[in-house]
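Architecture and fold: a report
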Amino acid sequence: STLSSSSAASDVYKRQIECCMKLKVPTIAIIIGEGGSGGGFGIGLADRIGMLEYSIYSVASPEACASILWRTAKNAEEAAEALKLDAENLVELGIIDHVVKEPIGGAHRNHEDTYKAVKKYFLDELKGLSKHSLEDLTAKRYEKFKNIGV
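Nothing here was measured: the structure is a model prediction, and the numbers come from that model.

**Concerning the overall build of the protein chain**
- For the protein chain, the helix and strand inventory stands at seven helices and five strands.
- Element order for the protein chain, N to C, with α for helix and β for strand: α-β-β-α-β-β-α-α-α-β-α-α.
- When burial is assessed residue by residue, the protein chain has 31% of its 150 residues classed as buried.
- Taking the intrachain contacts of the protein chain between residues at least 6 apart in sequence as the baseline, contacts between residues at least 24 apart amount to 56%.
- Total accessible area on the protein chain stands at roughly 9500 Å², and carbon and sulfur atoms take up 58% of it.
- Taking the average location of the 19 positive side-chain charges in the protein chain and that of its 21 negative ones, the two points are 6 Å from each other.

**Observations regarding the pattern of salt bridges**
- Per the stated rule, a full pass over the model turns up seven salt bridges.
- Lysine 146 is paired through a salt bridge with glutamate 143; the nearest N and O atoms lie 3.3 Å apart. Separated by three residues within a single helix, lysine 146 and glutamate 143 lie in helix 7 (residues 134-146), roughly one turn from each other.
- Residue class for lysine 146 comes out partly exposed when judged on its relative accessible area of 43%.
- A relative accessible area of 35% places glutamate 143 in the partly exposed class.

**With respect to helix 7**
- The first and last C-alpha atoms of helix 7 sit 18 Å apart over 13 residues, in line with the 18 Å expected at 1.5 Å per residue.
- For helix 7, every residue scored as buried is listed here: Leu137, Thr138, Arg141 and Lys144. For helix 7, the angular spread of buried residues about the axis comes to 130°, placing them on one side.

**Section: the nonpolar core**
- Counting ten residues, the largest nonpolar core consists of Ala29, Ile31, Ala46, Ile49, Met51, Tyr57, Ala87, Leu90, Ile95 and Ile96.
- Contributing elements (two or more residues each) for this core: strand 1 (28-31), strand 3 (48-52) and helix 5 (87-92).
- Excluding anything up to four places from it in sequence, isoleucine 95 contacts Ile49, Tyr57, Leu90, Lys144 and Ile148.
- In this structure, Leu52, Val100, Ala107 and Tyr121 belong to the second largest nonpolar core, which totals five residues.

**Here's the deal with helix 6 (residues 111-129)**
- A rise of 1.5 Å per residue sets the reference length of helix 6, with its 19 residues, at 27 Å; its end C-alpha atoms lie 27 Å apart and thus fit the reference within 8%.
- When helix 6 is considered as a whole, its buried residues turn out to be Thr114, Val118, Tyr121, Glu125 and Leu129. Buried residues in helix 6, looked at end-on, bunch into an arc of 60°, giving them a common side. Among the exposed residues of helix 6, those oriented more than 90 degrees off its buried face are Lys120 and Lys127.
- Residues of helix 6 that are buried in the fold lie against strand 1, strand 3, strand 5 (98-100) and helix 7.

**Re the packing of helix 3 (residues 62-70) against helix 4 (residues 76-83)**
- It is at 8 Å that the axes of helix 3 and helix 4 come closest, and there the two elements cross at 105°. Judged by the angle between their axes, helix 3 and helix 4 are roughly perpendicular. Contacts between helix 3 and helix 4 involve Pro62, Glu63, Cys65, Ala66 and Trp70 from the first element and Ala76, Glu78, Ala79, Ala80 and Leu83 from the second.
- Residue composition of the contact of helix 3 with helix 4, by class: eight nonpolar, no polar and two charged.

**Notes on the side chain of arginine 141**
- Along the polypeptide, arginine 141 turns up in helix 7.
- Sequence-distant contacts of arginine 141, that is, excluding residues within four places in its chain, are made with Cys20, Met21, Lys22, Leu23, Val25, Pro26, Thr27, Leu45 and Asp47.

**Focus: the sheet that holds strand 3**
- Read across the open sheet, the three strands follow the order 1-3-5; overall the sheet is parallel. Only two strands of the sheet have a single partner each, and these edge strands are strand 1 and strand 5. On average, adjacent strands in this sheet sit at an angle of 25° to one another, irrespective of strand direction.
- For strand 1 and strand 3, the ladder comprises four bridges, and the chain directions are parallel. What sits directly across from alanine 29, in strand 3, is isoleucine 49.
- Where helix 6 meets the sheet, it contacts strand 1, strand 3 and strand 5, and its direction lies at approximately 155° from that of strand 1.

Reading the values: the criteria
- Residues numbered from 1 in each chain as written.
- Predicted model: local features only at pLDDT ≥ 70, side-chain atom pairs only at ≥ 80, totals over all residues.
- Heavy atoms only, no water.
- Helix = DSSP H or I, 4+ residues; strand = E, 2+ residues; numbered from the N terminus.
- Buried < 20%, exposed > 50% of the residue type's maximum accessible area, 1.4 Å probe, protein only.
- Contact = heavy atoms within 4.5 Å.
- Areas by Shrake-Rupley, 256 points an atom, 1.4 Å probe, with all protein chains shown as cover.
- Lys, Arg positive; Asp, Glu negative; His and termini not counted.
- Charge placed at Lys NZ, Arg CZ, Asp CG, Glu CD.
- Salt bridge = Lys/Arg side-chain N within 4 Å of Asp/Glu carboxyl O.
- Expected span 1.5 Å × (residues − 1).
- Arc of directions from axis to C-beta.
- Core = buried A, V, L, I, M, F, W, Y, C linked by side-chain atoms within 4.5 Å.
- Axes fitted to C-alpha atoms, helices over the stretch in contact; angles between N-to-C directions.
- Parallel < 35°, antiparallel > 145°, perpendicular 65-115°, else oblique.
- Nonpolar A, V, L, I, M, F, W, Y, C, P; charged D, E, K, R; others polar.
- Pairing = 2+ DSSP bridges.

The values are spatial; any link to function lies outside them.
Shown next as structure tokens:
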């Protein structure tokens, strides 16, 4: 039934949050294309979240959001605008931490430069996170997640 599958999904998300909040290692996520749905939810549990410049990130697709709000996916474009799922808006909202610039023409046009930019982001963040105690990391991770949308 829909109710039991919804309840099961809720239980999975609760366990996912609990597990990620207790991880005793630095966690870094980077969105390189489209982060959404349950996977998008999990991405939000990282200590640091980066995003390629032209990627999108949301826990619900614009089509799903439109279907919920307007009972039709025809309003997906309006939903996408309201979701503010682009990197620039998500930094302003405090949901992600960093926008990784893409090469001219986009990441798919120059894999090597994209790889270098992602690697630099990852290593810089890991270096910064490594300066914190594990207890501090888990406390900050929890606070960051708790404050999304506030």
